[in-house]
Amino acid sequence: MNPYIEILRPVNAVMAVITVILMALITGRFDSAVLLASAVVFMATGAGNVINDYFDHEIDAINRPKRPIPSGRISRATAGIYSAVLFAAASVTGFYLGLLPGLVVVSSSLLMVYYAWSLKRRCLVGNITISFLTGLSFVFGGIVLGEVRVSVILGLYAFLMTMAREVVKDMEDVEGDRAEGATTLPITHGMRVSGLLAAAFMLIASLTSPSLYILGVFSVLYIPVLLFAVAVFLRAAIMILRSQDRATASRTSKLIKVGMAVTFIAFAAGSRTITALLGLQ
């Protein structure tokens, strides 16, 4: 893969874009604002991933030596410039969509830089920051498309799921983080406590998620797909509760990502647009 694409972590960036697409499905609105908002989220998320690699080049040399910067395929200085250009493009496009969307993009960009520079290595603070930013993608889409209430609710669930994965990722990266003097949860409180907390976030998200049907956010089509997502999260929770070694954390992290993807499919299935297309309204 081209290193300039790889460093964006396009799969993660596309996952962020899906939050805007989901808000479009929920509102039934499909226009140029959806495309522009999707572009903003992709650029900002990609820029955040690049600046994260910029600051984490020494840790990545231990944990992920094949990434573009530690492998030498992109210089650190070039990555810094690349990130700045993407952040600027996202901000300008955000202000084109409106004052509030623009302010959200700028503040989110600054928070991503501060996260990569300092917050990431602090116990739970970094996890909360990145989970907040993930949830904010839904809210950004809600602001642009005029459905803030629902976007906040979905943002909360995105926060919970991301918190679980962030803690598990810290468990996976504990060796490199310890070498760099980081104070992540697994380092300060141990792998067992980290596993318990990650499982708690998964269980809270899973067991309360049917309420979105009860509250009328989604149609009944949401339920069957959601049940599969819940099964994935319960499996991941059981895995990390049984064992907290690095290999298990790696498998659990991948399983959580699958669970998040299926949850997003459940959101789409139960949305106003899909329900209307199937004539179930």
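Residues numbered from 1 in each chain as written. Predicted model: local features only at pLDDT ≥ 70, side-chain atom pairs only at ≥ 80, totals over all residues. Heavy atoms only, no water.

Draft legend 1. Highlighting the overall build of the protein chain. When you go through the protein chain residue by residue, the secondary structure sums to 15 helices and 0 strands. For the protein chain, the C-alpha radius of gyration of 19 Å lies close to 19 Å, the compact-globule estimate for 281 residues. A buried classification covers 53% of the 281 residues belonging to the protein chain. Sequence separation of at least 24 residues holds for 73% of the intrachain contacts in the protein chain that already meet a minimum separation of 6. Total accessible area computed for the protein chain in this model is approximately 12200 Å², and 69% of it derives from carbon and sulfur atoms. (Helix = DSSP H or I, 4+ residues; strand = E, 2+ residues; numbered from the N terminus. Rg over C-alpha atoms; globule rule 2.2 N^0.38 Å. Buried < 20%, exposed > 50% of the residue type's maximum accessible area, 1.4 Å probe, protein only. Contact = heavy atoms within 4.5 Å. Areas by Shrake-Rupley, 256 points an atom, 1.4 Å probe, with all protein chains shown as cover.)

Draft legend 2. Summary view of the confidence of the model for the protein chain. Summing up the model confidence of the protein chain, the mean pLDDT is 91 and the portion of residues at 70 or higher is 99%. By mean pLDDT, the top-scoring element of the protein chain is helix α13 (residues 222-242) (96), and the lowest-scoring one is helix α4 (residues 57-63) (74). (pLDDT = per-residue confidence, 0-100.)

Draft legend 3. The environment of Glu-180, seen in detail. Tracing the backbone shows Glu-180 in the loop between α9 (174-179) and α10 (185-189). Among residues more than four places away in sequence, those in contact with Glu-180 are Glu-58 and Ile-59.

Draft legend 4. Broad picture of empty space enclosed by the protein. The full count for this structure, using the stated rule, is 1 cavity of 30 Å³ or more. Roughly 70 Å³ of volume is contained in the largest cavity. Lining the largest cavity are 13 residues, with Met-161, Ala-205, Ser-209, Leu-226 and Thr-263 sitting closest to its centre. Those elements that provide at least two residues to the lining of the largest cavity are α8 (148-172), α11 (191-208), α13 and α14 (246-269). The greatest single-element share of the lining of the largest cavity, amounting to 5 residues, is contributed by α13. Its residues assigned to classes, the lining of the largest cavity comprises 10 nonpolar, 3 polar and no charged. (1 Å grid on protein atoms, 1.4 Å probe; cavity = no way out; pocket = protein on both sides within 12 Å on 5 of 7 lines; lining within 4 Å. Points joined across faces, edges and corners; volume = space filled by probe spheres on them. Nonpolar A, V, L, I, M, F, W, Y, C, P; charged D, E, K, R; others polar.)

Draft legend 5. Spotlight on the pattern of salt bridges. Counted under the stated rule, the structure contains 6 salt bridges. A salt bridge links Asp-53 to Arg-9; its shortest N-O distance comes to 2.1 Å. Residue Asp-53 is found in helix α3 (residues 32-55), and its partner Arg-9 is found in the loop between α1 (3-6) and α2 (10-27); the two are separated by 44 residues along the sequence. We note that Asp-53, like Arg-9, is buried. Connected through salt bridges with shared partners, the residues Arg-9, Asp-53 and Arg-67 form a single ionic network. (Salt bridge = Lys/Arg side-chain N within 4 Å of Asp/Glu carboxyl O.)

Draft legend 6. Spotlight on α3. The terminal C-alpha atoms of α3 lie 35 Å apart, and with 24 residues this matches the ideal 34 Å at 1.5 Å per residue to within 8%. Of all 24 residues making up α3, 17 are buried, and the element is well covered by its neighbours. Measuring from the backbone nitrogen of Ala-33 back to the side-chain oxygen at the start of α3 gives 3.0 Å, which picks out Asp-31 as the cap. (Expected span 1.5 Å × (residues − 1). Polar contact = N/O pair within 3.5 Å; in protein donor to acceptor, adjacent residues only side chain to side chain.)

Draft legend 7. Examining unusual backbone geometry more closely. A positive phi is found at Arg-9, a non-glycine position, where the angle reads about 50°. Under the relative-accessibility criterion, Arg-9 is labelled buried at 17%.

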